[in-house]
Amino acid sequence: MHTLVENQRKFFQTHVTRDVEFRIRALKKLRQTIREWESRIAEALHADLGKSAAESYMCEIGLVLGSISDTLRHIRKWSRPRRVSAGLAHFPSSCRVEADPYGLVLIMSPWNYPVLLFLDPLVAALSAGNCCIVKPSSSTPHTSGVLAEMLGSIFPPEYVKVVLGNHADCDALLAEKFDYIFFTGSPNVGHHVMEAAARHLTPVTLELGGKSPCIVDKTANIKVAARRIAFGKILNAGQTCVAPDYLLIHRSCKELFMTEFREAVAEMLGEQPLQNENLTHIISMRHFQRLMGLMEEATIAVGGRGDAETLRIEPTLLDNVTPDSACMQQEIFGPILPMLTWEKWEDVEGFVLSRPRPLASYLFTTDAGTETSFRQHLAFGGGCVNDTIVHLAVHGMPFGGVGDSGMGSYHGKTGFDTFTHYKSILKKANWLDLPFRYQPYSKFKSALLRMFLR
């Protein structure tokens, strides 16, 4: 690991990655190669997670290709120095802010979206001019292996290198000094990453998760809400960091919502969802058993069945849930949605604000006042009004958490900014050297200082 890190550092010090045209060529090569390897990537995703080809393209491959294209459209503008007024106090001088790559970046990606969350931060880091080491999850070996082979075919290891391996390999990487670390995963591992980064004073972005609330009020279009919330739990079998984690539904809407949710699931997956080949499976038996155990303390209102052989679980609604239920003590990360009812908006705000800040929040309403309260009073990384999850597919909006759900963000220009240090430079002319800033400070000099600096 140490040799790999040092080789990348030496390559970065050749300054070739600072050239914007070099970055553009690298991104175009990456885009073309992803297109050529699309079928192999999709096959790997199916082998690891049971994802259909359509879902693989919609939620992973297509989003990465869109991210690269968006970056290529703007990278020259993002990379240009920006002039800043120096003000009269610094006359005669000029000021500029230059986009400077950090240098050597470590990207650690998770298993739930092993292509999107591997390649999207890599695109941002390369666009900013960095060298990158990427450590994918060992829980998705087929996808990680294909990505390692793909990137190895187009980039030299001193520029981009994929490191496969287990937790010991992660620890070996974290023992090295990087210029930036980008981690996507669980809060527990996030603590470990931040602790390791602190030893080298390395800046970090942590993309974590949390219990993202989904709020439905009595003015909502319940049929549409049920379909879009079901989509959010069916997508990747709910193994999405921004999936609706629990439902806060107005008491008057609960019965109708359950009916519409059941119909929405049947419409998308059929009457026997466990037999639908397009239903993504749970990543492992350990997670399957954990999810099935979360249903034991509540009443199953919709779904509830699982198949240990295929590791599939039906989209499930849980009723008679309390804040102390097991399913409310941890991020579910599966196709299970606990329901809690409410009558006053103040109760919703109090409940959500009393819990750790989530990565996402969702509101279904047609009431402008409720929407305003949702946007202005609740703290969360990002979210939607009258939809779920799709906000993360907008390249121009920052994506990231706040508080317990993470720190820092990326996507589009924000991703370029994340992997860039903005270096400020003042250039002073020599033809005039005003004496009032130098000692000794007379009353006249002090008066001039006050005049220029106030």
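About the thresholds
Residues numbered from 1 in each chain as written. Predicted model: local features only at pLDDT ≥ 70, side-chain atom pairs only at ≥ 80, totals over all residues. Heavy atoms only, no water. Pairing = 2+ DSSP bridges. Helix = DSSP H or I, 4+ residues; strand = E, 2+ residues; numbered from the N terminus. Axes fitted to C-alpha atoms, helices over the stretch in contact; angles between N-to-C directions. Contact = heavy atoms within 4.5 Å. Buried < 20%, exposed > 50% of the residue type's maximum accessible area, 1.4 Å probe, protein only. Right-handed = clockwise from strand over helix to strand, strands pointing away. Core = buried A, V, L, I, M, F, W, Y, C linked by side-chain atoms within 4.5 Å. Phe/Tyr/Trp six-rings, centres within 6.5 Å; stacked < 30°, edge-to-face > 60°. Lys NZ or Arg CZ within 6 Å of the ring centre and 35° of its normal.

Draft legend 1. The sheet that holds strand β2 (residues 93-101), seen in detail. With antiparallel pairing, the three strands of this open sheet are ordered in space as β1-β2-β20. Each of the sheet's edge strands pairs with one partner strand only, and the pair in question is β1 (82-84) and β20 (420-428). Sheet twist, expressed as the average angle between the axes of neighbouring strands with direction ignored, equals 30 degrees. One ladder, built from three bridges, connects β1 with β2; its direction is antiparallel. What sits directly across from Val 84, in β2, is Cys 95.

Draft legend 2. Structural view of the sheet that holds strand β16 (residues 382-385). With respect to topology, seven strands assemble into an open sheet ordered β10-β13-β14-β9-β8-β15-β16, the strand pairing being mixed. Edge strands, defined here as strands with exactly one partner in the open sheet, are β10 (299-302) and β16. With direction set aside, neighbouring strand axes in the sheet form an average angle of 25 degrees. Strands β8 (213-216), β9 (246-250), β14 (336-342) and β15 (360-364) of the sheet are contacted by helix α12 (residues 345-353), whose axis makes an angle of about 165 degrees with β9. Set on the sheet, helix α13 (residues 368-377) makes contact with β8, β15 and β16; between it and β15 the angle comes to about 175 degrees.

Draft legend 3. Main features of unusual backbone geometry. Cis geometry marks the peptide bond from Phe 91 to Pro 92, where omega comes out at 0 degrees. Relative to the elements of secondary structure, Pro 92 occurs in the loop between β1 and β2. Note the cis peptide between Gln 439 and Pro 440, where omega equals 0 degrees. In the Ramachandran plot, His 15 falls in the positive-phi region, its phi being about 75 degrees despite a non-glycine side chain. In this fold, His 15 is placed in the loop between α1 (2-12) and α2 (20-36). Even without being glycine, Leu 201 reaches a positive phi, approximately 55 degrees.

Draft legend 4. Looking closely at the environment of Glu 6. Among the structural elements, Glu 6 can be located in helix α1. In this structure the C-alpha to C-alpha distance between Glu 6 and Leu 104, which are 98 residues apart in sequence, comes to 9.5 Å.

Draft legend 5. Region of interest: the side chain of Ser 373. Its location among the elements puts Ser 373 in helix α13. For Ser 373, a relative accessible area of 16% translates into the label buried. Once residues within four sequence positions are removed from consideration, Ser 373 is found in contact with Trp 345, Glu 349 and Leu 378.

Draft legend 6. Focus on the pairing of β16. Alternating positions in β16 separate cleanly, Gly 382 and Cys 384 being buried on one face and Gly 383 and Val 385 remaining unburied on the opposite face. Looking at chain direction, β15 and β16 are connected through four bridges and run parallel. Note that in β16 the partner of Ser 361 across the bridge is Gly 383. Since β15 and β16 lie parallel, the crossover through α13 that links them has a hand, and here it is right-handed.

Draft legend 7. Just the nonpolar core, in detail. Core analysis: the largest hydrophobic core is formed by 111 residues, its most contacted members being Ile 34, Leu 122, Leu 151 and Phe 257. When sequence neighbours within four positions are dropped, the list of residues in contact with Phe 257 reads Ile 222, Ala 225, Ala 226, Ile 229, Leu 247, Ile 249, Leu 317 and Met 339. Tyr 246, Leu 294, Ile 336 and Leu 378 belong to the second-largest nonpolar core, a separate cluster that totals 28 residues.

Draft legend 8. Region of the structure containing the pairing of strand β7 (residues 204-207). Taking every second residue as pointing to the same face, both faces of β7 are buried, with Val 204 and Leu 206 on one and Thr 205 and Glu 207 on the other. Judged from the four bridges that link them, strand β6 (residues 180-184) and β7 form a sheet pairing that is parallel. Pairing of Ile 181 across the sheet is with Val 204, part of β7. Between the parallel elements β6 and β7, the chain passes through helix α8 (residues 187-199) in a crossover that is right-handed. Judged from the two bridges that link them, β7 and strand β18 (residues 406-407) form a sheet pairing that is antiparallel. Each residue of the ladder has a partner; that of Leu 206, found in β18, is Met 407.

Draft legend 9. The packing of aromatic side chains, seen in detail. Considering all chains together, one arrives at 15 aromatic pairs under this definition. Between the aromatic rings of Phe 22 and Tyr 159, the centroid separation amounts to 5.2 Å while the plane-to-plane angle is 65 degrees, which identifies the pairing as edge-to-face. With Phe 22 in helix α2 and Tyr 159 in the loop between α6 (141-152) and β5 (160-162), this residue pair connects regions lying 137 residues apart in the sequence. Between Trp 342 and Trp 345 the ring centres are 6.1 Å apart and the planes differ by 75 degrees, which places this aromatic pair in the edge-to-face class. Since its relative accessible area comes to 8%, Trp 342 is described here as buried. On the basis of relative accessible area, Trp 345 is assigned to the buried category, the value being 14%. What links up through ring pairs into an aromatic cluster is the set Tyr 102, Tyr 180, Phe 182, Phe 399, Tyr 410 and Phe 419. It is Arg 355 that lies over the ring of Tyr 246; its NZ or CZ is 5.7 Å from the centre.

This is a description of form; function is not addressed.
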